[in-house]
Amino acid sequence: MKEFGYRRVKHVQEALALTANDTGARYLGGGTNLVDLMKDEIEAPSQLVDVRFLPLSGVREAPDGGLAIGATTSNSDAAAHPEVRRRYPALSQAVLAGASGQLRNMATVGGNLLQRTRCAYFADPSEPCNKRLPGSGCPALPGEHHNHAIFDWSRHCVATHPSDMAVALAAFDAVVHYETLDGPAEIPLSEFYLPVGDTPHRETALPPGALITAVSLPKSAACPRSRYRKVRERASYAFATVSVAAALELHDGLVGRVGIALGGVASRPWRARVAEAALHGEPFTGAGLRDAAEAELAAAKPLRDNGYKVTLARNLIVAVLTELAER
Amino acid sequence: MNAPADVITDAVGTSRPRLEGPEKVSGRARYAADHPMHDLAFGVVVTSPVARGRIRDIDASAVLTMPGVLGVLDHRNAPRLDPQASGFFGPDGSMQLLQSDSIPHAGRAVALVVAQTPHEAQAAADALAVTCDAHPHDTTFTADHPAGRAALTVLGEDANVGDVDAELASSPVVVDERYFTPEEHCSAMEPHAATAWWDGGRLQAFDSNQGAFDVARTLASLFSLELDQVRVRSEHVGGGFGSKGLLGPQLILATMGSMAFGRPVRVTLTRRQVFLMIGMRPATEQRVRLGADTDGSLRAIDHQAAFEISPLAEWVENCPEGSKVLYATRAIRTRITAVPLDLTPPGPMRGPGLTPGSFALESAMDELAERLGIDPLELRLRNEPAVGPVSGLPYGSRNLAACLREGARRFGWHSRDPRPRRRREGHLLVGTGLAATAFGSSAFPSTASITAETDGSYTVRIAASDIGTGSRTALVAIAAEALRVGTERIRIRIADSDLGPAWSASGSRGTPSWAWAINEAATRLREQPHDPTRPVTVTVDTAELFTGRFVREVHAYSAIFAEVTVDPATGEVRTRRLLGMFAIGRVVNPLLARSQVIGGMIMGLGMALHEEGVRDPVSGRQVNADFAGYHIPAHADVPDIEADFVPEYEPDEPSGVKGAGEIGTVGTAAAIANAVWHATGLRHRVLPIRLDRVVEEMA
Amino acid sequence: MNDDGRSDISLRVNDVTHGLNVDNRTTLLDALRDALDLTGSKKGCDRGQCGACTVLLDGRRVVSCLTLAVAAEGTEITTVEGLAPDGELRPLQRAFIQLDGFQCGYCTSGQLCSAVGMLAEHAAGWPSAATVDVSADASAQELDAVEVRERMSGNLCRCGAYPSIVRAVLETADQQAVTR
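Reading the values: rules and limits
- Residues numbered from 1 in each chain as written.
- Chains lettered and ligands numbered in written order.
- Predicted model: local features only at pLDDT ≥ 70, side-chain atom pairs only at ≥ 80, totals over all residues.
- Heavy atoms only, no water.
- UniProt positions renumbered as here; feature names shortened; annotations may be inferred.
- Contact = heavy atoms within 4.5 Å.
- Buried area = accessible area lost by both parts, 1.4 Å probe.
- Salt bridge = Lys/Arg side-chain N within 4 Å of Asp/Glu carboxyl O.
- Polar contact = N/O pair within 3.5 Å; in protein donor to acceptor, adjacent residues only side chain to side chain.
- Helix = DSSP H or I, 4+ residues; strand = E, 2+ residues; numbered from the N terminus.
- Nonpolar A, V, L, I, M, F, W, Y, C, P; charged D, E, K, R; others polar.
- Axes fitted to C-alpha atoms, helices over the stretch in contact; angles between N-to-C directions.
- Parallel < 35°, antiparallel > 145°, perpendicular 65-115°, else oblique.
- Left-handed = near helix turned anticlockwise from the far one by under 90°.
- Pairing = 2+ DSSP bridges.
- Phe/Tyr/Trp six-rings, centres within 6.5 Å; stacked < 30°, edge-to-face > 60°.
- Buried < 20%, exposed > 50% of the residue type's maximum accessible area, 1.4 Å probe, protein only.

- Per an unreviewed UniProt entry, chain C goes by the name (2Fe-2S)-binding protein and belongs to Sphaerisporangium album.
- What the UniProt record of chain C gives under Pathway (unreviewed entry) is the line "Alkaloid degradation; nicotine degradation."

- You'll find chain B entered in an unreviewed UniProt entry as Xanthine dehydrogenase family protein molybdopterin-binding subunit, with Sphaerisporangium album given as the organism.

### Let's talk about the interface of chain B and chain C
Phase 1: Each side of the interface is counted separately: chain B has 54 residues, and chain C has 50 residues.
Phase 2: With both chains or domains summed, chain B and chain C bury close to 4,000 Å², and 58% of this area falls on carbon and sulfur atoms.
Phase 3: Looking at the side of chain B facing chain C, the largest losses of area belong to Val25(B), Met189(B) and His635(B), adding up to 22% of the total buried there.
Phase 4: Applying the counting rule to chain B against chain C returns 6 salt bridges.
Phase 5: Connecting chain B to chain C are 26 residue pairs in polar contact (both at pLDDT 80 or more).
Phase 6: Where the side of chain B that touches chain C is concerned, the elements lending two or more residues are α1 (21-25), α3 (118-127) and α13 (590-609) of chain B.
Phase 7: Here the side of chain B that touches chain C takes 8 residues from α13(B), the largest share from any one element.
Phase 8: For the side of chain B that touches chain C, the class distribution of residues is 32 nonpolar, 13 polar and 9 charged.

### Here we look at the packing of helix α2 (residues 91-98) of chain C against helix α3 (residues 108-123) of chain C
Residue and element names in this part refer to chain C.
Phase 1: Two elements in contact, α2 and α3, have axes whose closest approach is 10 Å; the angle formed by their N-to-C orientations is 135°. With respect to α3, the axis of α2 lies oblique. Between α2 and α3 lies a crossing of right-handed hand. Every residue of α3 that contacts α2 at Leu92, Gln93 and Phe96 is listed here: Thr108, Gln111, Leu112, Ala115 and Val116.

### So, the sheet that holds strand β24 (residues 536-541) of chain B
To summarise the sheet geometry, strands pair through backbone hydrogen bonds and adopt either a parallel or an antiparallel arrangement.
Residues and elements named next belong to chain B.
Phase 1: Here 4 strands make up an open sheet; going across it, the order is β23-β22-β21-β24 and the pairing mixed. On the outer flanks of this sheet lie β23 (490-493) and β24, each paired with one strand and no other. Neighbour to neighbour, the strand axes of the sheet diverge by 15° on average, direction disregarded.
Phase 2: Bridge analysis of strand β21 (residues 447-452) against β24 gives 6 bridges, and the strand direction is antiparallel. When the sheet's bridge partners are listed, threonine 447 is paired in β24 with aspartate 541.
Phase 3: Along the sheet, helix α11 (residues 471-483) makes contact with β21, β22 (458-462) and β23, crossing β23 at roughly 135°.
Phase 4: Sheet strands touched by helix α12 (residues 510-527): β21, β22 and β24. Its angle to β21, the strand with the most contacts, is close to 40°.

### Some words on the packing of aromatic side chains
Residue and element names in this part refer to chain B.
Phase 1: On inspection of all chains with the given rule, the structure shows 18 aromatic pairs over all chains.
Phase 2: For the ring pair phenylalanine 411 and tryptophan 413, a centre distance of 6.5 Å and an interplane angle of 40° mean the geometry is tilted. The burial state of phenylalanine 411 is the same as that of tryptophan 413; both residues are buried.
Phase 3: Between tryptophan 413 and phenylalanine 561, the aromatic rings sit 5.7 Å apart at their centres with planes inclined by 70°, giving edge-to-face as the arrangement. Here tryptophan 413, found in the loop between α10 (400-411) and β19 (423-425), pairs with phenylalanine 561, found in strand β25 (residues 555-567); they are 148 residues apart in sequence, far enough to count as distant.

### With respect to the interface of chain A and chain B
Phase 1: Contact with chain A, which involves 31 residues of that partner, is made by 31 residues of chain B.
Phase 2: For the pair chain A and chain B, the summed buried area comes to about 2,500 Å², and 54% of that belongs to carbon and sulfur atoms.
Phase 3: Considering only the surface of chain A that becomes buried against chain B, Glu233(A), Arg234(A) and Asn315(A) emerge as the three largest contributors, covering 23% of it.
Phase 4: Inspection of the region where chain A meets chain B yields 6 salt bridges.
Phase 5: For Arg229(A), the salt bridge is made with Glu572(B), and the minimal N-O distance between the two is 2.8 Å.
Phase 6: Broken down by secondary-structure element, the contributors of at least two residues to the side of chain A that touches chain B are β9 (226-231) and α12 (308-326) of chain A.
Phase 7: A total of 6 residues in the side of chain A that touches chain B trace back to one element, the largest contributor, which is α12(A).
Phase 8: Its residues assigned to classes, the side of chain A that touches chain B comprises 12 nonpolar, 7 polar and 12 charged.

The structure is reproduced here in structure tokens:
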């Protein structure tokens, strides 16, 4: 680990000023991913600006009738909040499916969005990796990629995004709020993560030095009939192989609002818009659902050793939406 | 149950909690890296990123000016080691650290950086400039690899009984299948750690190992010291499972550091280094051919196994061991091929050989039962041998049939529909399977001292190890019985090489071996005249009694039953029930023995469903060298598990006991794989049964 | 207090305040083990992947290997050594001994601290990934073996003491429910 300075801040402006004056500074939330990566010098900040004592914690009602979750709210508190559980149950389930009780107590909502891929080559400094060392190559493409992307990868990077929470946020049309020295701003989660292209090291649309302050969930997306289902190589305490977050409204057998997002299949939560469009406004039938899932996965480009994820994602979409419809 | 007629205590056979329990639940038990020490320095290991090659240069100049750095050891300045120092099977190159510029495998130690604090040592290790020339390497194991050659036969000659080819040709039903198991890692929770220092002319160490005496002897030999110049202690050890059976790199390097810098040095491997540097269970490929008559009588077993090895050190993954003793048959042939590759030398992992071998044999038996239309339980009972089918020796206590019958009764086996893919619960498929196992048991020489103190208490000293096995607690019971006193009058000291030669906690031979020495010492002490005025000590080394001849086939046995659910839409396999019935001789402490065999079954569960060391095809290095990538079972993977023992007393073994350390692991993978077949109708001959191998296209 | 790479901090551990000058890189785990000689917390992986270093910060379980010591200042830290401060083991510890909830003991400190935190989380009504209906009031839901296994899954045990640990936790939970 490289040496670094440590500052605890009480005001957002103080935090922004510190990072503006030191481009090597990084915000410290729970540290569950950042400190881990610092140990192998994959991250080497000059300074850690500890933002956990900013007044950004807690879940509150948003002006539009939705919910806003403060960026420094712990994953545990977000998942346990009664209104999150009542109105956006898939979000609670997604957070609870991630990591362990200890790590959820530490990790913040803002930090969860910014966690880096768990690709083993990224985590091993003695390997090349375009995300870690741009231009060095992607050993996962010819190598071990059993648990890598099937959508939207490039020859520069085939890694997946590890967050469970972000998958549910994608299905609920969440918005990320942040602050810079220019003032507050926001960006839809659907535009928060950048496509891989030839710049896999550029992961989010956040401007340099920006501090995430909250994530908001629109009222319109509130859906008690929602579910997160995660499949992984161990029953708990493992990253997703494929996961699905889905919210479904049915009116007299017709599909109303439907939100579906997949985890473990791309460098970002994969919003299944093709499947959603196929389902929306139509009568809910098993055949229609299978066709919708099929249509979504038609665009998948599996790697040499992860074609099973296409099958798994298709099956999961069908299983989760069927379960929701039968409630 | 038969026990010696003159036993007057209930010491053996009674459940008692662990003696060290209060220390372990309050954080007071000190493991190898936990001892505070004056003037302690810290060594961090730098390892090779390449799988084969040569060190071109190590430039320590920048590192030597870093804060706190005491120095850097590499092949140019490290103390010289004796190349003849022996590991499990002769000279062992895995111990020849920092002796040459040659790099034989990825993760090989190339330097040790020593500094005042752990941070300073780590920062300097990260900054050390090591330049390596990479040479072409081969880390891809296949059974028909051209470098393959016959394995050593030190663990037993190949079996050549009867005419296997003729019997197979005339068998109406034949199974001929290949089975694959990957590299697996012991993954004890405590990473290998050692603290070494010099006390006068004496090398002292706290080390994480499975046998303090064996480690001390090897350490002395490696550094060309006299045995009495070396003392190794390992009071508490955070698990071993085979991986701490040898002198480990942590102690070799800590010793070098203490010699070079003249102060105590602690070396703790990182978790990644444990994966890369410590011997794993080698990958295996096995071909099993079984021939049988239509009534289920076996005519032939042909078990051919190949495993990977390193040119640095001999190893035998003795996969066909069980095929030589489990079933009666007219013809048996076993062959073992070792394939040298550019790997960390493989080593023992819980039930070496037998565990992957059991997966192959017991899967094949299940396939045979399926093709014969005979219940898998019945098939095994029909092939109970009268004498060892290879050795011709009579069996000692053999209660495999009792394990199978009692296990089946408790498990509810008899209501099973033998047809696969018949049982559904909602969207889940449900199946059950079983496996039978045998695990050889014997006692090896050890030294025990017992002192009759003047207050009526006794002190037992033996260099036994407690790696989670409960040895202290079990040996106190053994000693109490042998001395005819209550356990409260026994004190025990273990895990110190100064206590003399002793077998290590390995091969499931720990308790029988130590019990033998304690029994002999107790017997002789009881023959001594009692003296209330001064302590009387008797020391016995059972090497003087050891013949090395075995006149009977003595094995522990088990029957494992598993029930799994399979979600065909996701490929998720969950073990819902697991039951083991064991015949392990007399059970010294049922509470602890049950824990041990259940723990073994859980390791087998991991082997069946999760565990797999994955190598990058280009670099040859293990990709998943951490607990996020190498999945050992977590709480949520493990159901409540039932394990119990059939009453047994093994007259050929000290105190009537057989080993219990490994047999739990052995049969479990096959039982689960057979249950997955029963649930889905699909055979899994490749471990682990990952979800991508199970997930089905849904109509 | 802070210069570029070091900080003067005070850590309150098991009701005792310790003044320390630490390298900012020092994890809480290393501070406990190396500076305070509280070696009950174990370093099984140093990467948040095993749970052997679990301690309680203000009553909440965390992994101390990914917690920086400087970031833990101002919290009440409880380690395994603080679970029985006056030497008298608490019921959970006694249940671990009686039911044999450990073998080698290396993961035990983490399992114990994790279980203490987990029981408090359940008592506070937090759901888990094993909770069938997260929208329901979870405090009303009984803690069963499935819930305990899921909630304790951040604590690996290679000896395979899991079934006994689950029994010990459930037995303790029952006692707490009776006395509550």
